[in-house]
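# Overview (structure and organization)
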Amino acid sequence: MRVYAPLGTAQALDRYLAEPDVTAGITARRTLPARPPDLCPFPEWLAPPLRGALERRSFRGLYRHQVEALDALRAGEDIAVVTPTASGKSLCYHLPVLQAVFEDPSARALYLFPTKALSQDQLAEVRDLSALAGMDLAAAVYDGDTPAPMRSVVRSAGQVVVTNPDMLHAAILPHHTKWFQLFQQLRYVVVDEAHTYRGVFGSHVANVLRRLARICAHHGSSPRIICCSATIGNPKQLAETLTGRSMRVIDRNGAPSGEKHVVVVRPPVIDERTGTRAGAGGFARRAALSFLRAGRQTIVFGRSRVAVELLLTGLREALRTGRGPLDRVRGYRGGYLPGERRRIEAGLRSGEILGVVSTNALELGIDIGRLDAAVLAGYPGTIAGTWQQIGRAGRRQEVSAAILVAGAGPVDQYVASHPEYLFRSSPEEARLDPDNLHVLLGHLRAATFEIPFAAGERFGAVPADDLLAFLAEEGHVRQADDGRWYWASENFPASEISLRVAASENVVIIDTGGPRPRVIGEVDLFAARTLVHENAIYLHESRQFHVDRLDWEERKAYVRPVDVEHYTQAELAVTLKPLETFAESALAAGGRAHGEVMVSSLATIYKKLRLETNENLGWGRIHLPEIELHTTAYWLAVDPAAVAGWRRAELDVALVGSGRALQTVASVLLMSDPRDLGMVAQVRSPHLERPVVYLYEAVPGGVGLSPRLYERHAELVRGARELIAGCPCRDGCPACVGPRSETGEDARGLARRLLALLKVERASPSRAA
Amino acid sequence: MTGELARPPASLPAMDGPVPASAAPLLALRARRLERLRATVESPGPAKPVPPVPAFAGPPRAWSLARALGGRVLRGTNGSTVVLEATGPLALPADRLVRLPDPIDPRHPLVCLDTETTGLGTGAGTVPFLVGLGTWDGESFTVRQFVLPDHPDEPAFLDAVAAAIPASGWLVSYNGRSFDWPLLVTRYRLHRQGPPAHAGHLDLLPIARQVWRHRLPDARLASVEAGVCGIRRSDDLPGALIPERYFAYLRTARGELLRDVLRHNRQDVASLARLLLVLAQGLDPDSPGRSMPPGDLSGLGSAYVRRRRYDEALCYFDGALARAGEAPGSLIRGVPLAERVTVDRARLLCRLGRHAEASSDWRSIAQAGGRLAALGWVQLAKHVEHRERSPARAYEMAMQAAAVARRERASGSPQRWVERDLERRLPRLRGRLATARSDGRATRPPRLDCALADGGPVEARALHDHAGCEGRQVQCSRIGSPRLAPRPQDEGGDGPCRQEGVTCPGPVHDPPCWHGWQTPHPEAARIAPQVHAPLLPPRDHELLMVPLQHEVQARAPGAEILVTGARQVRPPHQG
Ligand SMILES: [Zn+2]
């Protein structure tokens, strides 16, 4: 029997790190020193009731970033606030909004949050604050759950309207004439968690904001925009691309923090030949146990529901045999009802609950109080997400600790071996392309529906007449004698756009597990073949769904929730043809380029792979038609002369291996899901007549990843070489160049040699980043 | 090719600044992409060159449209509108409309309103391109139609419509409160104006649904007009085709394409006037409803109930009942007219506090044994329990209701409302009875399942054996015709069992089993209809409530009843 004595967080951390296999796996250990608050006096123009409310909350002033935000807005600037979790970011928008309402009760504000939970949290926050200030604020959430009688009240009288991009897109903007009071008086638009608006979703949201700006201009308002983002590499560019405005970045965090220890642990190799590593789950569980047994409040993040269940069971089991605080460890999932969530949050605040095991549900800024330790079982996929999870631990006064246990996948391994990315400067960029033609045309339809376009009127940076003429060919839009473009169709164009997919033709995913079938999502046709083929495991909000049937003709996938310990990975047979080169430049022994391509692909088979270890559990065939995709790509061509002596098989292995490593590094640099970038290796490209590796965007039209890959080529190749060099496997493994080749070639060595040929060496006329 | 195109602009310009120099290559790239997209569209049309902004060419559309339709052009400051007028005699005793459930103030001029639109949505992109307004001048009725010649003419069009609606006007429409008017308001808002003022708005759709729908296939205006006024339109353009007609007109500028639309709209406006006339005639103050069929009277009565005008409602219900014989076989929502009206009337009487009269209505409904008999029994049970304070009789009536409900379910039209009500009412009444009986005596739960098992070739298993429960649910499989009889039980113990003699309320059966047999206890009646009723479509399992105070025995030879499981039932006092 063990005896538990309360220990400090630092001691509990030391105890865990002292275990030999953990010690061996530490790739980074940093202590972030305690920081005092950088407090500024309340701005003197701040309304006395607001100041009073803050003082009643024992504020003696505002943090530097809050004051900077208030001043910038006061001066008429649009701002992007980039400060960590729990730094009082939300006051940067609540205060100016309440100030505006105080000065003029007809002032309105629109809050956009990516999730309903966040909407509810921030609604409660702004209501509390206004109540404390004795203000009578009409604030409400307007989303799919808002009851019909409430809706007209919110429309006509809501001073703060809290909603999400989907609702703004489909329910508010197309009906802007019913919201004229809001749009006539809109002072602030708040775009929180802006870093989640990247890729296809971000490209859509940028266009929704373009439509919003048009409508505000029409009704005579010009609101300031307040973006808030987690720390990423390009917050200014993200906010500017998203909003189409130039933004003032506010990133001097003035919030205090206690001392924090952050450790990155990489579980050891257990099979030297294949390079297989121990799973992250076991190491994460031991870390959590060390903190829990010391009586420290701990949150453990798993990457999927299954991972969470396994961790929870494991922790409870261990605590039972050890007589630990068994009942005080709870699971917390995205699907929990609000009441359940609140109970867990209250339990954490009161200390009644000691540990929580969560999926990413908690990542997006939901307030659960601040804990002693955070344990991340696997890299959350982005550095911003990692810091948001790490940020759950951290008290104002005391020491806190966070441990990232890397999983076996290549991205995890790459990040674990580059801890400087985590601690020095984040290399990751949120990318979106509001001018993706498919996305843009869809929103242009919706915008024309909302307000006719004047000739020469811009949508984004340039006039939209060329696109409107294209739409006129389809017949939904017409140009009248006054030169304006009018919507001339019975259709409701907003309903034809889903903000999650680029193309208009999609497969709808239907959950048949509940009492009645329920649509849980959509995927575009191209992705559908690899994500929702029959017997695929489809992930939605960290839940696994088994695809029972894919009705390709009807574009419907029928799924039901399951809890299994495997995932599926489909393989595509891809042919790729470049259509247009946008830029190219020479390399040491080859060239790089980016441009538009046509990808034809046929889904062939899928593999069942065990979570954590990626062990192959079986495979099946996929019978679906071939699909063509127009998209953008970045490619690397090798001088045939430089590889003249290579056997064909060697070249193939080298190209595929380098491509895999480049894919891994690219997904880190551009915050993209590894599935967003496809890879094709051609030993002899029929178009370029030489060996080529393509990284193409798996989204019609692309979302701006490939031009950035082209620009960040040097970093990309360096990263790929380091990834391969740093891998402990002997001759290739899934964490570096992909599964071992059947032919027994030295994939690692070959890929390294090939990547050396692709370094930037000659003076290049183009600009490399 | 350089890297210029690929580079994201360092800082995007505001939308109202000058077009940046980088726009040209961006537009060039977009042109190539559009070209490629055209190529992938399934039936690639010829890639038309981007048309330049068309200069003003030929006579304005308004003139040619007016010529084609025989209307005149109304020129505004911001475009033109085409107006058509048609006048005919139509005398409306409008002052009677003050008696409508939603009254019209007779001092206001009536304005019949109907629009034709480019779609069914009310979003900002749906355009009402034709507004028909019907007004009276003495006994003549004028329909004035405003047509939008082209999109840019909308400001003038809206001005013209606003000018034609007097601020004191009372709008009359069909579904206009939720469609036509909000859509018009949307257009005024889009042009940053307020909507025209008006004094009131009578939407005839809800009235049509309440008064006439019962004898019509649907509640579309044309159907109502045909059914109520006997006017059938020939060559009417179906509403669904109207948007496309207008788009075709916009493409071709051929005004004659809109002729059918104009006629359709004129007929709609005239229909509104005729329906008002029918209503006004029905509301004749001397003998209200004389001109209306009894079914319509009942609907009108309900409409008055909804407006809390109970005296008028009662008057129309009585009228409908008195003349129910004129419309034999007339059904209202699937129920014979007289039965439906009696129910509505009984409900109204309850609301008015005239409970004695109401209960006699309920009794007649219940005893008539019609489709709503179960409802009648439930209402009687309520009445008897709460007003006559006789839970035992109330229970009896609730049991009658249950029997009817079962019959209705078996015949494929379950009455869910009654069933849900009884799920709570029966246990509650049983609880009241049990409390009244027990008076502090400890209940001694006998082993029902054993008793059943001993009594014959019957299998019984209790899932729970929970002292303190009033009863259990026993899952039975029926095999053939069951012959069950209760065994007068435990004579010394639970005396009050015999207090109520209840007749099994089930339908008459042959061979008789429970029928005509006096049960010593309401619970037996509860069991009886369920277990017997061999004529009902067989179900594999049935849930029986078996009281612990009683034992039931299978007497008949052969395994006619198989009790396959028993389930604990909550004591009723716990709800
Ligand atoms: Zn490796």
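On a predicted model such as this, the values are computed, not experimentally measured, just so you know. (Residues numbered from 1 in each chain as written. Chains lettered and ligands numbered in written order. Predicted model: local features only at pLDDT ≥ 70, side-chain atom pairs only at ≥ 80, totals over all residues. Heavy atoms only, no water.)

### Digging into the overall build of chain B
- Within chain B, the regular secondary structure consists of 17 helices and 16 strands.
- Counting every position in chain B, which comprises 575 residues, the buried fraction comes to 51%.
- Restricting to contacts in chain B with at least 6 residues of sequence separation, those with at least 24 account for 69%.
- Within the structure as shown, chain B displays about 26700 Å² of accessible surface, and the carbon and sulfur contribution to it stands at 53%. (Helix = DSSP H or I, 4+ residues; strand = E, 2+ residues; numbered from the N terminus. Buried < 20%, exposed > 50% of the residue type's maximum accessible area, 1.4 Å probe, protein only. Contact = heavy atoms within 4.5 Å. Areas by Shrake-Rupley, 256 points an atom, 1.4 Å probe, with all protein chains shown as cover.)

### Observations regarding the coordination of the zinc ion
- The coordination sphere of the zinc ion, as far as protein atoms go, consists of Cys727(A) (SG), Cys729(A) (SG), Cys733(A) (SG) and Cys736(A) (SG), spread over 2.1 to 2.3 Å.
- For the zinc ion, the 4 donor atoms in the first shell make angles of 98 to 116° at the metal, so the coordination geometry reads as tetrahedral. (Donors = N, O, S within 2.8 Å, 3.2 Å for Na, K, Ca; no water. Tetrahedral: all angles 85-135°; square planar, octahedral: opposite > 155°, others 65-115°.)

### Regarding helix α5 (residues 91-103) of chain A
Residue and element names in this part refer to chain A.
- In this model α5 runs 18 Å from its N-terminal to its C-terminal C-alpha over 13 residues, within 8% of the 18 Å that 1.5 Å per residue would give.
- Burial within α5 is extensive, with 11 of its 13 residues counted as buried.
- Every buried residue of α5 is listed here: Leu 91, Cys 92, Tyr 93, His 94, Leu 95, Pro 96, Val 97, Leu 98, Gln 99, Ala 100 and Val 101. (Expected span 1.5 Å × (residues − 1).)

### Concerning the pattern of salt bridges
All names here are of chain A.
- Under the counting rule described, the total for this entry stands at 68 salt bridges over all chains.
- Between Glu 103 and Arg 74 there is a salt bridge, and its shortest N-O distance comes to 3.1 Å. In this pair, Glu 103 is assigned in helix α5 and Arg 74 in helix α4 (residues 64-74), connecting sequence segments 29 residues apart.
- A residue is classified by how much of its surface remains accessible, and Glu 103, at 47% relative accessible area, is partly exposed.
- The residue Arg 248 makes a salt bridge to Glu 77 at a minimum N-O spacing of 2.9 Å. Remark: Glu 77 occurs in the loop between α4 and β4 (78-82) and Arg 248 occurs in strand β10 (residues 247-250); sequence separation between them is 171 residues. (Salt bridge = Lys/Arg side-chain N within 4 Å of Asp/Glu carboxyl O.)

### Looking at the sheet that holds strand β6 (residues 170-173) of chain B
Residue and element names in this part refer to chain B.
- The strand order across the open sheet formed by 7 strands is β1-β2-β5-β4-β3-β6-β7, and the pairing between neighbours is mixed. Of all the strands in the sheet, the pair left with one neighbour each is β1 (72-76) and β7 (200-203). Each strand axis lies, on average, 25° off the axis of its neighbour in the sheet, ignoring direction.
- Across 4 bridges, the pairing between β6 and β7 is parallel. What sits directly across from Trp 170, in β7, is Gly 200.
- Packing against the sheet, helix α4 (residues 180-190) makes contact with β3 (110-117), β4 (128-137), β6 and β7, and its axis sits at approximately 75° to β3.
- Here helix α5 (residues 204-211) sits on the sheet and contacts β6 and β7; the angle it forms with β7, its principal contact strand, is near 35°. (Pairing = 2+ DSSP bridges. Axes fitted to C-alpha atoms, helices over the stretch in contact; angles between N-to-C directions.)

### Topic: unusual backbone geometry
- The phi dihedral of Glu193(A) falls on the positive side, at around 55°, and the residue is not glycine.
- If you trace the backbone, Glu193(A) turns up in the loop between β8 (186-191) and α10 (199-219).

### Some words on the state of the cysteines
Residue and element names in this part refer to chain A.
- Per the stated rule, a full pass over the model turns up 0 disulfides over all chains.
- Unpaired in terms of disulfides, Cys 92 finds its nearest cysteine sulfur in Cys 228, a separation of 6.3 Å.
- Cys 227 carries a free sulfur, and the closest cysteine sulfur to it, the one in Cys 228, is 7.6 Å from it.
- On the accessibility criterion, Cys 227 (1% relative accessible area) is buried. (Disulfide = S-S within 2.5 Å.)

### Here's the deal with the packing of helix α9 (residues 294-306) of chain B against helix α10 (residues 310-322) of chain B
All names here are of chain B.
- Packing of α9 against α10 leaves a shortest axis separation of 8 Å and a crossing angle of 165°. The pairing of α9 with α10 is recorded here as roughly antiparallel in orientation. The interaxial crossing formed by α9 with α10 has left-handed handedness. Counted together, Pro 294, Leu 297, Ser 298, Leu 300, Gly 301, Ser 302, Tyr 304 and Val 305 of α9 and Tyr 310, Glu 312, Ala 313, Tyr 316, Phe 317, Gly 319 and Ala 320 of α10 form the full contact between these two elements.
- Among the residues making up the contact of α9 with α10, the classes are represented as 10 nonpolar, 4 polar and 1 charged. (Parallel < 35°, antiparallel > 145°, perpendicular 65-115°, else oblique. Left-handed = near helix turned anticlockwise from the far one by under 90°. Nonpolar A, V, L, I, M, F, W, Y, C, P; charged D, E, K, R; others polar.)

### Considering the side chain of Asn506(A)
Residues and elements named next belong to chain A.
- Here Asn 506 shows up in strand β21 (residues 506-511).
- Judged by relative accessible area, which is 9%, Asn 506 ranks as buried.
- In this structure the side chain of Asn 506 is engaged in a polar contact, spanning 2.9 Å, whose partner is the side chain of Glu 522.
- Setting aside anything within four residues of it in sequence, one finds Asn 506 in contact with Val 501, Glu 522, Val 523, Asp 524 and Arg 555. (Polar contact = N/O pair within 3.5 Å; in protein donor to acceptor, adjacent residues only side chain to side chain.)

### Let's talk about the domain arrangement of chain A
- With domains assigned, chain A is organised as domain 1 (9-34 + 257-418), domain 2 (39-250), domain 3 (437-487), domain 4 (506-564) and domain 5 (571-757).
- Put simply, the middle of domain 3 of chain A and the middle of domain 4 of chain A, counted by C-alpha atoms, are 35 Å apart. (Domains from an automatic or database assignment.)

### Notes on the interface of chain A and chain B
- Of the residues lining the interface, 59 residues belong to chain A; the matching set on chain B comes to 55 residues.
- Linking chain A with chain B are 7 salt bridges.
- Measuring nitrogen to oxygen at the nearest pair gives 2.4 Å for the salt bridge that ties Arg33(B) to Glu596(A).
- Along the contact surface separating chain A from chain B lie 15 residue pairs in polar contact (both at pLDDT 80 or more).
- The element best represented in the side of chain A that touches chain B is helix α18 (residues 437-450) of chain A, accounting for 6 residues.

### Quick notes on the packing of α4(A) against α5(A)
Residues and elements named next belong to chain A.
- At a closest axis distance of 9 Å, the pairing of α4 and α5 adopts a crossing angle of 45°. In terms of axis orientation, α4 runs oblique to α5. Note on packing geometry: the crossing formed by α4 with α5 is right-handed. Taken together, the residues of α5 that come into contact with α4 (itself represented by His 65, Gln 66, Ala 69, Leu 70, Leu 73 and Arg 74) are Leu 91, Cys 92, Leu 95, Pro 96, Gln 99 and Glu 103.
- Split into classes, the residues belonging to the contact of α4 with α5 amount to 7 nonpolar, 3 polar and 2 charged.

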